[in-house]
Amino acid sequence: MERPAQPLIKPTEPVTPAIGAAHDRVYRQLRGRIMHGEIMPGQPLTLRGIGKEFGVSMTPARESVRRLVAEGALTMSTSGRIATPRLTNERIEELAALRALIETELASRALPRAHMALIERLQTINSTVAEAVAHRDAVNYIRTNLEFHRTLYLRAQAPAMLAMTETVWLQMGPTMRALYGRLRRTEPPQYHRLIIAALRAGDEPGLRLAVRSDVTQGLRMLAS
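The model shown is predicted, which means the values in this text are computed figures rather than measured ones.

Q: Looking at this structure, I do not really get the overall build of the protein. What am I missing?
A: Each helix and strand counted, the protein has nine helices and three strands in total. Along the chain direction, N to C, the helices and strands of the protein fall in the order α-β-α-α-β-β-α-α-α-α-α-α. Scored against the burial criterion, the 224 residues of the protein give a buried share of 48%. Expressed as a percentage of contacts within the protein between residues at least 6 apart in sequence, the contacts between residues at least 24 apart total 80%. Carbon together with sulfur atoms contributes 54% to the accessible area of the protein, which is approximately 11600 Å² in total.

Q: Can you walk me through helix α8 (residues 190-201) in this structure?
A: Side chains of residues three or four places apart in an α-helix project in the same direction, reflecting 3.6 residues per turn. For α8, built from twelve residues, the straight-helix expectation of 16 Å at 1.5 Å per residue is met to within 8% by its first-to-last C-alpha distance of 17 Å. Taken as a whole, α8 has its buried residues at Tyr191, His192, Ile195, Ile196, Ala198 and Leu199. Taken end-on, α8 shows its buried residues confined to a sector of 160°, consistent with a single buried face. Of the residues trailing α8, Gly202 is marked for its positive phi of about 65°.

Q: Teacher, can you tell me more about the sheet that holds strand β2 (residues 75-76) here?
A: As a general point, the strands of a sheet are linked pairwise by backbone hydrogen bonds and lie either parallel or antiparallel. Read from one edge to the other, the open sheet built from three strands follows the order β1-β3-β2, with strand pairing classed as antiparallel. The sheet is open, and its two edges are formed by β1 (44-45) and β2, each paired on a single side. With two bridges joining them, β1 and strand β3 (residues 82-83) adopt antiparallel strand pairing. Its bridge partner being in β3, Pro44 is matched across the sheet by Ala83.

Definitions and limits used
Sequence positions are assigned chain by chain, starting from 1 and proceeding in written order. Per-residue local features of the predicted model are confined to residues with pLDDT of at least 70, and side-chain atom pairs are confined, for both listing and counting, to 80 or more; whole-chain, interface and lining totals are unaffected and use all residues. The side-chain quantities take in all heavy atoms of the structure and omit both hydrogens and water. Secondary structure follows DSSP: runs of H or I at least 4 residues long count as helices, runs of E at least 2 residues long count as strands, and numbering of each begins at the N terminus. A simple rule labels every residue: compare its accessible area, found with a 1.4 Å probe on the protein chains alone, to the largest value its type can have, and call it buried under 20%, exposed over 50%, or partly exposed in between. In what follows, a contact means two residues having at least one pair of non-hydrogen atoms within 4.5 Å. For accessible areas, the Shrake-Rupley method is used with a probe of radius 1.4 Å. Any residue's cover is judged against the shown protein chains and nothing else. The span expected for a helix works out to 1.5 Å for each residue beyond the first. Note that the arc is defined by the directions from the helix axis to the C-beta atoms. Pairing between strands is defined by DSSP: at least two bridges between them are needed.

Okay, here's the thing in structure tokens:
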């Protein structure tokens, strides 16, 4: 009688401290690559390939994939095929709506703590965003664009909402890369300047509108 195939990811497997440290390193680095669009939508991955790339055994690779699947950053079929997700238009619309809801609230909460040093920091980051656009560097553009938003939202002092936002960014990373290629940007996002202007003026309605427009405009173009 033929023995059943072993599952790709075993539900219970002891993790030693050394393996746990390796798993955390692989998880964080792979998570960053997905979030910043270094991996395209639908790109297949294997545990063996992940282990080889990061110089770890199968167990840390497996644990990292388990966490990323749970966060929606990777998909795994019943046959064990691992890939970055290809998002449907409905899913893109849903994630865009989540960004509009959560990120406008984060920006609003950050506004009372938006001192001049923060505004100057945002201007500096936005200059880096402009450089990435000028060099057609999609990954650096996504990375610095998210840094702009994260820097502002940290001032909200709302870690649970920020964690939810980062989970959305993680799920959107490969799709954002595809979106960048479609838009063929030649100028930095116009709404960043409006966000900075609203922060300077203490204009909460203007800030909420600028953030909502910034986080949804491109995504809705992709879904249309």
